[in-house]
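# Structural features, examined
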Amino acid sequence: MSLTILTLAEGSSFVSGSVKGISSASYFFKTSYKMKNFEADCFTQRCEKKDDGYLIKVEAKADSLDLRESFFLDKDKIKKIKSGDKQNSERIILTLSKENSLDGAILALVKEINETYNYLERNDENLKLEEILKQKNLSCLSFCRVMKFYLDLLKIPSQIVIGIKFNPESEIFNLRGGALHSWLIVEVPDKRKILLDPLFSSGFVTEYYIFLDYFDDFTKEKKNELKDCSIKLIENSDRIFYNPESPQQVTFFRRTRYEQSSPGVVIGKVLKEKDLPCSGKVVIKSGEKFIESKLFNGNFAFFVEVEGVYQMGFISDTGERKLLGEIEFRNEIGKKVVFYLKDAQNS
């Protein structure tokens, strides 16, 4: 057997992969907070008021995105970067000077920020930007503030939004003191507004992202209204596939013009009821040989170097083993498979 197993979204270095697909979800949000409809490129959120909350429907797409518009780091932008961030400016300038497309510049900027700062769940919303730039550990909000700071210097319009990133490990998510998430709306040519989460993705977010408000409009009073609220998942369809594109540990995903799959990549999902992701490991077996791969939000990926039939198994976090089935591989590119587990007890 000749296989290369990938552990998606783990590792210290920044490596990006691509995505394709469409997902959707419906929630009931029990809250007095006034929810809003929201729309961006390949993302829609519709909210219907009910007696004690809102019915929320979210649709997220990850189709082709072409951002090959020219990019040039001129003297004016270089001057602004040098004066705005004396600590990291030289490295940022060197990185951006190598890019000639808008897509490349945005991705390079995300890479630099991720390799400069570590994510830490913390409340640092009261820090000034000058203080944030000197930190080593940042919250998701501060990651967005740093990203927006550089996008502003590059004259790329953007806004920070505040929302909820639903935890798909269970069907009910309690905010417990107002646990929130931040990401960005970035305006690209033709007035398209794409979504960007500096910690996870560019050009898309998943159906688990729920928009609350723009950061500039999100007052303390609004935040207090969200304390101890709960969100229940009603329906879910998860068909966004994560393609690593090469046998490396992947930390970031993006919409691209086209998938750049290497021959032999197999990507898939292990899901339970309501398309919720299973946690645990996938076992790939051929004859007496096998390799285990940890799931990333129910997703897995590996590369097949030899054609043939492979058995797929699953090991839950509690050690329970199940046979998923078999896949036959015949020198395909970007083979996608989905396995369902009934009565999975790993959430």
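Up top you'll find the structure we're talking about.
First, a word on scope: everything that follows refers to the structure included in this document. (Residues numbered from 1 in each chain as written. Predicted model: local features only at pLDDT ≥ 70, side-chain atom pairs only at ≥ 80, totals over all residues. Heavy atoms only, no water.)

### What about the overall build of the protein chain?
Stated formally: Working definition: helices are DSSP H or I runs of at least four residues, strands are E runs of at least two. Numbering for both runs from the N terminus. Atoms counted for the radius of gyration: C-alpha only. Globule rule: 2.2 Å times residue count to the power 0.38. Only protein chains enter the area calculation, which uses a 1.4 Å probe; residues under 20% of their type maximum are buried, those over 50% are exposed, and those in between are partly exposed. In what follows, a contact means two residues having at least one pair of non-hydrogen atoms within 4.5 Å. For every accessible area listed, the method is Shrake-Rupley and the probe measures 1.4 Å; residues are considered covered only by the protein chains on display. In this tally, Lys and Arg are treated as positive and Asp and Glu as negative; His is ignored, and so are the chain termini. Think of each charge as sitting on NZ of Lys, CZ of Arg, CG of Asp or CD of Glu.
Counting secondary structure elements, the protein chain contains six helices and 22 strands. The globule rule puts the C-alpha radius of gyration for 347 residues at 20 Å, and the 21 Å found for the protein chain is close to it. Across its three principal axes, the protein chain shows a C-alpha extent of roughly 60 × 55 × 35 Å. For the protein chain, buried positions account for 52% of its 347 residues. When contacts within the protein chain are restricted to residue pairs at least 6 apart in sequence, those whose partners lie at least 24 apart make up 69%. When the accessible surface of the protein chain is split by element, carbon and sulfur atoms take 46% of a total near 16,700 Å². Between the averaged position of the 53 positive side-chain charges in the protein chain and that of its 52 negative side-chain charges there is a distance of 3 Å.

### Considering the sheet that holds strand E17 (residues 280-286)
Counted only if it meets this: DSSP-based pairing: two strands are paired if at least 2 bridges between them are found. Structural elements are reduced to axes, namely lines fitted to C-alpha atoms, with helices fitted over the stretch in contact, and the angle between N-to-C directions of any two is expressed from 0 to 180 degrees.
Spatially, E18-E17-E20-E21 is the arrangement adopted by the four strands of the open sheet, whose pairing is antiparallel. At either end of the open sheet lies a strand with only one pairing partner, and these are strand E18 (289-294) and strand E21 (321-329). Strand-to-strand twist in this sheet, taken as the mean axis angle between neighbours without regard to direction, amounts to 25°. Relative to E18, E17 is paired through six bridges, and the arrangement is antiparallel. Looking across to E18, one finds that Ser286 is bridged to Lys289.

### Quick word on the packing of helix H1 (residues 75-84) against helix H5 (residues 140-153)
What counts here: The classification used treats Ala, Val, Leu, Ile, Met, Phe, Trp, Tyr, Cys and Pro as nonpolar, Asp, Glu, Lys and Arg as charged, and all other residues, Gly among them, as polar.
Where H1 contacts H5, the two axes come as close as 9 Å, and the packing angle between them is 145°. Residues Lys77, Lys80, Ile81 and Gly84 of H1 form the contact with H5, whose participating residues are Phe149, Tyr150 and Leu153. Here the contact of H1 with H5 is composed, by residue class, of four nonpolar, one polar and two charged.

### Topic: the environment of Val337
Counting through the fold element by element, Val337 comes out in strand E22 (residues 335-340). Exposure remark for Val337: the relative accessible area of 12% places this residue in the buried category. In sequence terms Val337 and Ile194 are 143 residues apart; their C-alpha atoms lie 28 Å from each other. Each residue touching Val337, except ones within four places of it in the same chain, is listed here: Phe241, Val266, Ile267, Gly268, Lys269, Phe300 and Ile327.

### Remarks on the pattern of salt bridges
Let me state the cut-off plainly: Take a side-chain nitrogen of Lys or Arg and a carboxyl oxygen of Asp or Glu: if they are within 4 Å of each other, that pair is a salt bridge.
Using the criterion set out here, one finds 21 salt bridges in the structure. Residue Asp213 is joined to Lys36 by a salt bridge in which the shortest nitrogen-to-oxygen separation is 3.1 Å. Here Lys36 lies in the loop between strand E2 (16-30) and strand E3 (38-40) and Asp213 lies in strand E13 (residues 209-214), a separation of 177 residues in the sequence. Judged by its relative accessible area of 0%, Asp213 is buried. Judged by relative accessible area, Lys36 falls into the partly exposed class, the value being 33%.

### Focus on the state of the cysteines
We count it as follows: Throughout, a disulfide means two cysteine sulfur atoms within 2.5 Å of one another.
In the structure shown here, the tally under the stated rule is zero disulfides. Not part of a disulfide, Cys140 finds its nearest cysteine sulfur in Cys144, a span of 6.4 Å. On the accessibility criterion, Cys140 (9% relative accessible area) is buried.

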